[in-house]
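Structure assessment
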Amino acid sequence: MTLSPLTDVLRVAREKKVFVIGFVVQGWEDAKAFVDAASETKSNIILQAGPAFRKNMHLEAIARMFETLAKGTTVKVVAHLDHGNDFETCKRALDAGFTSVMFDGSRLPFQDNINETTKVCDIAKRYGASVEAELGFVGYENKDSNKFTCPEEVGIMTEQVPIDALAISIGNTHLQSSHLAKIDYKLLAEIRAASNISLVIHGGSGVCPDDRIKMASKYGVVKFNIGTEFRQLFGRSLRAFFAEDKVSFDRFEIMKSVQENMKNRAVSLLKACH
Ligand SMILES: [Zn+2]
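A brief report on the enclosed structure follows. (Residues numbered from 1 in each chain as written. Predicted model: local features only at pLDDT ≥ 70, side-chain atom pairs only at ≥ 80, totals over all residues.)

**Regarding the overall build of the protein**
Within the protein one finds 11 helices and 8 strands. Taking 19 Å as the expected radius of gyration for a compact globule of 274 residues, we find that the protein reaches 18 Å, a close match to that expectation. Across the 274 residues of the protein, 45% fall into the buried class. Long-range pairs, those at least 24 residues apart, make up 70% of the contacts in the protein between residues at least 6 apart in sequence. (Helix = DSSP H or I, 4+ residues; strand = E, 2+ residues; numbered from the N terminus. Rg over C-alpha atoms; globule rule 2.2 N^0.38 Å. Buried ≥ 20, exposed ≤ 12 C-beta atoms within 10 Å, placed from the backbone. Contact = placed C-beta atoms within 7 Å.)

Below you can see the structure in the form of structure tokens.
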């Protein structure tokens, strides 16, 4: 299939009161493993290119890679720019063929965030692409602290700006390597009451699986970004391979077991979404 906008995938998930996973991609091997897992479980998925990946591989090449993978499957695949920090990056992603962009204005004052997000929405609509915004600030483990999302700001932004999804900060944190997140359900309920927008959780690796299901079925959280647990698995799989095998040097031979492990984990995660 051709790449799908984020809204198509979120609509289906919300109707079923389930969630989709935004897979944080770092290269061909994991992207292929995620799409293979999606095909096997008949799940729609989002392939995300974040800032670290974009430093390593050209945005245009990433777009072609996502497009190629989408053509080889019958499930919906979204090519999503994760944490686009300025208008130019979002525009470049849209020109390259991304079907969804996150404009991350979470470090900006509220009104500036509204203004910049509006500009990104204006251009994205011309490409038929979706826009995810962020309110509050989702921090980074052992670095930047969380700033929880204000429900009133959610009401104002979603009234004024035609975003398709909103990332919120309610106890979730980027880069958590175990299920440490303590979700503030009272705040989540207030955010839900303020707007009907599809809600997104970054730092999904830190949220325990039962919370993911509860947040999706009862509160309209429809997208969880998952990256850290796959990066951990990648490192563990490589170390295990080299502990056993002291002679292999061929990339494809080495990556075979890693890719298999990534795919199996993605299959079990995707099965838990339904
Ligand atoms: Zn994030």
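**Some remarks on the pairing of strand β6 (residues 165-168)**
Alternating residues of β6 divide into Ala165 and Ala167 and Leu166 and Ile168, and every residue in both groups is buried. Where strand β5 (residues 130-135) lies against β6, 4 bridges are found, and the strand directions are parallel. Bridge pairing in β6 links glutamate 134 to alanine 167. In this region the chain leaves β5, passes through helix α7 (residues 151-160) and returns to the parallel neighbour β6; the handedness of that crossover is right-handed. Relative to strand β7 (residues 198-201), β6 is paired through 3 bridges, and the arrangement is parallel. In the strand pairing of β7, alanine 167 is matched with valine 200. Handedness of the β-α-β unit built from β6, helix α8 (residues 185-194) and β7 comes out right-handed. (Pairing = 2+ DSSP bridges. Right-handed = clockwise from strand over helix to strand, strands pointing away.)

**Notes on the nonpolar core**
Val20, Ile21, Phe34, Ile45, Leu47, Val101 and Leu166 are the most contacted members of the largest nonpolar core, which has 78 residues in total. No other element matches helix α11 (residues 251-273), which puts 7 residues into this core. Setting aside chain neighbours within four positions, we find isoleucine 45 in contact with Val20, Ile21, Phe23, Phe34, Val35, Ala38, Val75 and Val77. (Core = buried A, V, L, I, M, F, W, Y, C linked by C-beta atoms within 7 Å.)

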